[in-house]
Amino acid sequence: MKLIKYKYSGKGFAPYLSGLKSNSYEKEFLIRFYRDMLRIRLIEEEIERRYHEDEMKSPIHLVIGQEASSVGSCGALRPEDQVYCGHRTHGIYLAKGGNLKAMMSELYCRTTGCAGSRGGSMHLFDKSVGMAGSSAIVAGAIPIATGAALKAQLTGESWIVAAFLGDAAVEEGAFWEAVNFAVLKRLPILYFCENNFFSVCSPIEVRQPENAEIYKKAESFGLKSVKVDGTNVLEVYEASRNMVEYARSGKGPAFIESVAYRWRGHGGAGDDSHTGYRDPAEVEHWQQFDPVKSYYDFLEQKNLLDGETRLAISKEIEAEVQEAFDFAINSPNPIEDDLYTHVYSD
Ligand SMILES: Cc1ncc(C[n+]2csc(CCOP(=O)(O)OP(=O)(O)O)c2C)c(N)n1
């Protein structure tokens, strides 16, 4: 028997097809979202394809299925805004303007990596694009992000902070301590929760009380809060734009719960559904609501994108991906003499 516990509950692009909303966007702007999501998808598929070669000496956590969350949210941020996140970093880094060669070099642990080979996939760091820090400790980056928002407020910066987290991070005390403080001080920060229903292999129903919706819990702490369809890039973008505006204008912190499904296993390459924690039918169910394909279908229906242009975009990305892998593989490995660089002690 097929068991689909977590079903898609979004409205798709129907509200945008006839409504006025999409008319307020420039064509190039809309196509960019498609390109950015497809780019993340194709890069991760190539990472996955090559992961078994065992040359990428870094644990990986793929974001395939959740691309609209990264692209829609980061699309509402300014280049100088500061982003913090957990272990699932690739989509956020790339959507924030990250350098693909630097990311791939980091996964191959080369000196040309964005964290100089010291971070790996779970610790991408790149000041030049506002990738301020990521932590493999669940909720570990959230108090740090909140501290950065305090700094922004105290020194009157124009940038704000976006802190990305998974649904498991709201089970950590550090998260609630941080948001309590952020509300109290009206800090300029957006907490963006990617709810994909799982913490490794544990479904949300065994971890959080039934019907206790995450965004409502956040709302009860005083955050301006909303839940969105995390497979719909326009819905994510519009909510993020509103929340970012709210936080930037000094009204206080905001929270978004973005619901999308993780297609691949928690970590590594491939799907791990065969281990029994979820029914492969559930993965297939969500694959019908592919954030990249459903958005393409929407653009095609609106006569904004056609098959030929789509192919050209895809070819361009594929070439960029190969170039980035070649760059990473041919970059120098760290040397022993460099071991103590960036290490501080009294
Ligand atoms: C404090 C802490 N506890 C446990 C772990 C082990 N762990 C790594 S990832 C993960 C699940 C995180 O789930 P979620 O935050 O929902 O993000 P997702 O992986 O679904 O993107 C856990 C429990 C950890 N890294 N840190």
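All of these numbers come straight from a predicted model, not from anything done at the bench.

Undergrad: Would you mind going over the overall build of the chain with me for this structure?
TA: Looking only at helices and strands, the chain features 12 helices and 8 strands. Over its C-alpha trace the chain gives a radius of gyration of 20 Å, about what one expects of a compact globule, namely 20 Å for 346 residues. Referenced to the eigenvectors of the C-alpha coordinate spread, the extents of the chain come out at roughly 60 × 50 × 45 Å. Counting the 346 residues in the chain, one finds 45% classified as buried. Long-range contacts, defined as pairs at least 24 residues apart, comprise 75% of the intrachain contacts of the chain with a sequence gap of at least 6.

Undergrad: Help me understand the site of the ligand, please; the structure alone is not making it clear to me.
TA: Neighbouring the ligand are 15 residues, the closest being Arg88, Val138, Gly166, Ala168 and Ser199. Grouping the constituent residues of the shell around the ligand by class yields 7 nonpolar, 6 polar and 2 charged.

Undergrad: For this particular structure, what's the right way to read the environment of Pro280?
TA: Turning to its location among the elements, Pro280 is positioned in helix α10 (residues 280-287). As for Pro280 and Ala178, which are separated by 102 residues in sequence, their C-alpha atoms are 36 Å apart.

Undergrad: Would you take a moment to explain the sheet that holds strand β3 (residues 161-166) for this structure?
TA: The strands that make up a sheet are held in pairs by hydrogen bonds between backbone atoms, and each pair lies either parallel or antiparallel. Taken in spatial order, the 6 strands make up an open sheet running β2-β1-β3-β4-β8-β7, and their pairing is parallel. The sheet is open, and its two borders are formed by β2 (131-134) and β7 (224-229), each paired with just one other strand. In this sheet, adjacent strand axes meet at a mean angle of 15 degrees when their direction is disregarded. Both β7 and strand β8 (residues 254-259) contribute to a ladder of 6 bridges, which runs parallel. Looking at the pairing, Lys224 lines up with Ala254 of β8.

Undergrad: So what exactly am I meant to see when it comes to unusual backbone geometry here?
TA: Residues apart from glycine generally show negative phi values, whereas peptide bonds are mostly found in trans. Within the chain, Asp54 stands out as a residue other than glycine whose phi angle is a positive 65 degrees. Mapped onto the elements, Asp54 comes out in the loop between α2 (27-51) and α3 (67-74). Using a count of 7 C-beta atoms within 10 Å as the deciding quantity, one classes Asp54 as exposed. Phi angles above zero are rare outside glycine, and His342 is one such case at about 70 degrees.

Undergrad: Explain the environment of Tyr34 here, please?
TA: Here Tyr34 is to be found in helix α2. When residues no more than four places from it in sequence are discounted, the contact partners of Tyr34 are Tyr295, Tyr296, Leu299 and Leu305.

Undergrad: Got a minute to help me understand helix α9 (residues 233-248) in this structure?
TA: An α-helix turns once per 3.6 residues; consequently, residues spaced three or four apart project the same way. Helix length check: α9, at 16 residues, gives a terminal C-alpha distance of 22 Å against a target of 22 Å (1.5 Å per residue), a fit within 8%. Val233, Leu234, Glu235, Val236, Tyr237, Ala239, Ser240, Met243, Val244 and Ala247 are the residues of α9 that are buried. Two residues or fewer after α9 comes Gly250, characterised by a positive phi angle close to 90 degrees.

Undergrad: What's the story with the nonpolar core in this structure? I'm lost.
TA: Met37, Val161, Ala163, Ile189 and Leu190 are the most contacted members of the largest nonpolar core, which totals 100 residues. Residues contacting Val161, with those up to four places away along its chain left out, are Gln82, Tyr84, Ala145, Ala148, Ala149, Ala152, Pro188 and Ile189.

Undergrad: Any chance you could explain the packing of α2 against helix α12 (residues 307-329) here in plain terms?
TA: The axes of two packed helices give the description: the angle between them and the distance between them. Closest axis-to-axis distance for the α2/α12 pair is 10 Å, and the angle between their directions is 45 degrees. Classified by the interaxial angle, the pair formed by α2 and α12 is oblique. Crossing angle aside, the handedness with which α2 passes α12 is right-handed. Contacts between α2 and α12 pair Arg35, Leu38, Arg39, Leu42, Ile43 and Glu46 from the former with Ile313, Ser314, Ile317, Glu318, Val321 and Phe325 from the latter. Across the contact of α2 with α12, the residue classes tally to 7 nonpolar, 1 polar and 4 charged.

Conventions we followed
Residues numbered from 1 in each chain as written. Predicted model: local features only at pLDDT ≥ 70, side-chain atom pairs only at ≥ 80, totals over all residues. Helix = DSSP H or I, 4+ residues; strand = E, 2+ residues; numbered from the N terminus. Rg over C-alpha atoms; globule rule 2.2 N^0.38 Å. Buried ≥ 20, exposed ≤ 12 C-beta atoms within 10 Å, placed from the backbone. Contact = placed C-beta atoms within 7 Å. Near = placed C-beta within 6 Å. Nonpolar A, V, L, I, M, F, W, Y, C, P; charged D, E, K, R; others polar. Pairing = 2+ DSSP bridges. Axes fitted to C-alpha atoms, helices over the stretch in contact; angles between N-to-C directions. Expected span 1.5 Å × (residues − 1). Core = buried A, V, L, I, M, F, W, Y, C linked by C-beta atoms within 7 Å. Parallel < 35°, antiparallel > 145°, perpendicular 65-115°, else oblique. Left-handed = near helix turned anticlockwise from the far one by under 90°.

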